[in-house]
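# Examination of the molecular architecture
The chain contents come next:
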Amino acid sequence: MSKILVTGGAGYIGSHTCIELLNNGYEVLVLDNLSNSSDESLKRVQTITHKKLEFVNGDIRDRELLDKLFSENTFEAVIHFAGFKAVGESCEIPLDYYDNNVYGTIVLCQAMKAANVKSIVFSSSATVYGDPASLPIMEDFPLSATNPYGRSKLMVEEMMGDLFKSDNDWGIALLRYFNPVGAHPSGQIGEDPNDIPNNLMPFVSQVAIGKLEKLRVFGNDYPTVDGTGVRDYIHVVDLAIGHVRAIERLKSNKGVQIWNLGVGKGYSVLEMVAAFEKASGKDVPYEIVDRRSGDIAACYANPEKALKELNWKAERELEEMVTDAWRWQSQNPNGYAS
């Protein structure tokens, strides 16, 4: 049985990926410092799957700990989620982002190289495309980033490319996510931001349940269907399945491989609000405020490469995304602290 090291596995996407790995017969060891997550998510993962996983509370920058984990376990591959992920925050504390996201990945890859584990799936982001010249976005589009968060992802991508050039034994998957939403259909695990949510769906959920007073919509003068920003929202379970497919692909394919994981169409902020209101039966009051700097009008993927090479596509529609998000929020009004 193959064993996978999942860094940041207690987080939103990580915990859903652990479920898919366990359900596909993999053994899982999660390394997470719980700086923006709860180990309660991993307890629930084991409840949902009726399978055990191992959890180590620790930091990817701790080389001694990594060496110990690699010497005590035989990992087939690493899925690397551990990273800070808030665009606004990255502009306020850029050095923390570079330290955690870039330096942390360097330490991880050094430990992997020393242990001769040369297969990694990296959690990247559509932010590496900057403000795209055209839509839908394809993997070979020019890359740029408009904030330290995006730049940290881009730096790691470039670093991985250099790593492979120096040693062709590496198999590296760069997964560029679009906008993950929703929750596991059990309602047991979902997105549980520590603070005021940065992402649209948990913010909308918390307004619907009464934790927050109203949603702020940043700009209604974009050249879109209703003037609000358009994004490619993908169900987190679909996204998680993409990681399992990437691991399977790396078994027989070395090199740096890049896939967009998105649905391939966009929804506006107000379309998402309307869909959520319908699914939940709750009102979501909102106010229009000024645009945020660094935001772009529209962003959605061309996911055809993932279909062709990974046999993966997003199966879950908007209604399922918002219904599952509401089920998680209504069953867990205070997230894992409930």
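Our structure is the block above this text.
As a starting point, this report considers the structure included with it. From a predicted model like this one, the values you see are computed outputs, not experimental measurements.

Here we come to the nonpolar core. One recurring pattern in soluble globular proteins is that nonpolar side chains are buried together. Membership of the largest hydrophobic core comes to 40 residues, with the highest contact counts inside it found for Ile4, Val6, Leu21, Val28, Leu53 and Val121. Looking at which element gives the most residues to this core, the answer is helix α8 (residues 236-250), with seven residues. Ranked by size, the runner-up nonpolar core spans 28 residues in total, among them Leu65, Val102, Ala111 and Leu163.

Each α-helix winds once per 3.6 residues, and so residues spaced three or four apart point in a common direction. In a regular helix each residue adds 1.5 Å, so 22 residues correspond to 32 Å; helix α5 (residues 94-115) covers 31 Å between its end C-alpha atoms and thus fits that length. The sharpest bend along α5 measures roughly 25° and falls at Tyr103. Along α5, the residues that are buried comprise Tyr97, Asn100, Asn101, Val102, Gly104, Thr105, Val107, Leu108, Cys109, Ala111 and Met112. On its buried face, α5 sits against β1 (3-7), α3 (63-72), β4 (77-80), α4 (87-92), β5 (119-125) and α6 (148-166). A positive backbone phi angle near 60° is found at Asn116, which sits one or two residues after α5.

Turning our eyes to something else, we now look at unusual backbone geometry. Following Leu135, the chain continues into Pro136 via a peptide bond in cis, with omega recorded as -5°. If you check the backbone angles, Leu34 has positive phi at about 60° while not being a glycine.

We now examine the state of the cysteines. Inspection of the entire model under this criterion finds zero disulfides. Lacking any disulfide linkage, Cys109 is separated from the closest cysteine sulfur, that of Cys18, by 19 Å. Here Cys299 is not cross-linked by a disulfide; its sulfur's nearest cysteine counterpart is in Cys91, at 17 Å.

Mapped onto the fold, Met201 is located in helix α7 (residues 200-208). Separated by 38 residues in the primary sequence, Met201 and Leu239 have C-alpha atoms spaced 16 Å apart. Excluding its chain neighbours within four sequence positions, the residues that come into contact with Met201 are Val181, Met272, Phe276, Val322 and Ala325.

Bringing a negative patch on the surface into the picture now. A grouping of Glu89, Glu92, Asp96 and Asp195 is seen on the molecular surface, where their side chains present a negatively charged patch. Structurally, Glu92 is set in helix α4.

Looking now at the packing of helix α9 (residues 269-280) against helix α11 (residues 318-331). Angle between the axes and distance between the axes are the two parameters that describe a pair of packed helices. It is at 9 Å that the axes of α9 and α11 come closest, and there the two elements cross at 60°. Considering their axes alone, α9 and α11 lie oblique with respect to each other. Considering only the axes of α9 and α11, their crossing is right-handed. Contact residues: α9 offers Met272, Ala275, Phe276, Ala279 and Ser280, while α11 offers Leu318, Val322, Thr323, Ala325 and Trp326.

Viewed as axis vectors pointing N to C, α7 and α9 meet at an angle of 45°, and their least axial separation amounts to 11 Å. Relative to α9, the element α7 lies oblique. Pair α7 / α9 crosses with right-handed handedness. Residue-level contacts link Leu200, Met201, Val204, Ser205 and Ala208 of α7 to Val269, Met272, Val273 and Phe276 of α9. In the contact of α7 with α9, the residues fall into eight nonpolar, one polar and no charged.

Once that is clear, we can look at the packing of aromatic side chains. Under the counting rule described, the total for this entry stands at four aromatic pairs. Judged by centre distance (5.5 Å) and plane angle (85°), the ring pair of Phe70 and Phe75 falls under edge-to-face. One exposure class covers both Phe70 and Phe75, and it is buried. Each ring, one from Phe276 and one from Trp326, has its centre 5.7 Å from the other, and the planes form 90°; the classification is edge-to-face. Residue Phe276 is located in helix α9, and its partner Trp326 is located in helix α11; the two are separated by 50 residues in the primary sequence. Each of the two residues, Phe276 as well as Trp326, counts as buried. Arg291 extends its terminal NZ or CZ atom over the ring of Tyr222, reaching a point 3.9 Å from the ring centre.

Pairing within the open sheet is parallel, and its seven strands lie in the order β3-β2-β1-β4-β5-β6-β11. Where the open sheet ends on each side, the last strands, each with one partner, are β3 (54-57) and β11 (255-261). Taken pair by pair, the neighbouring strands of this sheet meet at an average axis angle of 20°, ignoring direction. Sitting on the sheet, α3 touches β1, β2 (27-32), β3 and β4, and the angle it makes with β2 is about 175°.

What counts, and at which threshold
Residues numbered from 1 in each chain as written. Predicted model: local features only at pLDDT ≥ 70, side-chain atom pairs only at ≥ 80, totals over all residues. Heavy atoms only, no water. Core = buried A, V, L, I, M, F, W, Y, C linked by side-chain atoms within 4.5 Å. Buried < 20%, exposed > 50% of the residue type's maximum accessible area, 1.4 Å probe, protein only. Helix = DSSP H or I, 4+ residues; strand = E, 2+ residues; numbered from the N terminus. Expected span 1.5 Å × (residues − 1). Bend = angle between axes of the 7 residues up to and from the residue. Contact = heavy atoms within 4.5 Å. Disulfide = S-S within 2.5 Å. Patch = residues over 30% accessible without salt bridge, like charges linked within 9 Å, V, L, I, M, F, W, Y side chains within 5 Å. Areas by Shrake-Rupley, 256 points an atom, 1.4 Å probe, with all protein chains shown as cover. Salt bridge = Lys/Arg side-chain N within 4 Å of Asp/Glu carboxyl O. Lys, Arg positive; Asp, Glu negative; His and termini not counted. Charge placed at Lys NZ, Arg CZ, Asp CG, Glu CD. Axes fitted to C-alpha atoms, helices over the stretch in contact; angles between N-to-C directions. Parallel < 35°, antiparallel > 145°, perpendicular 65-115°, else oblique. Left-handed = near helix turned anticlockwise from the far one by under 90°. Nonpolar A, V, L, I, M, F, W, Y, C, P; charged D, E, K, R; others polar. Phe/Tyr/Trp six-rings, centres within 6.5 Å; stacked < 30°, edge-to-face > 60°. Lys NZ or Arg CZ within 6 Å of the ring centre and 35° of its normal. Pairing = 2+ DSSP bridges.

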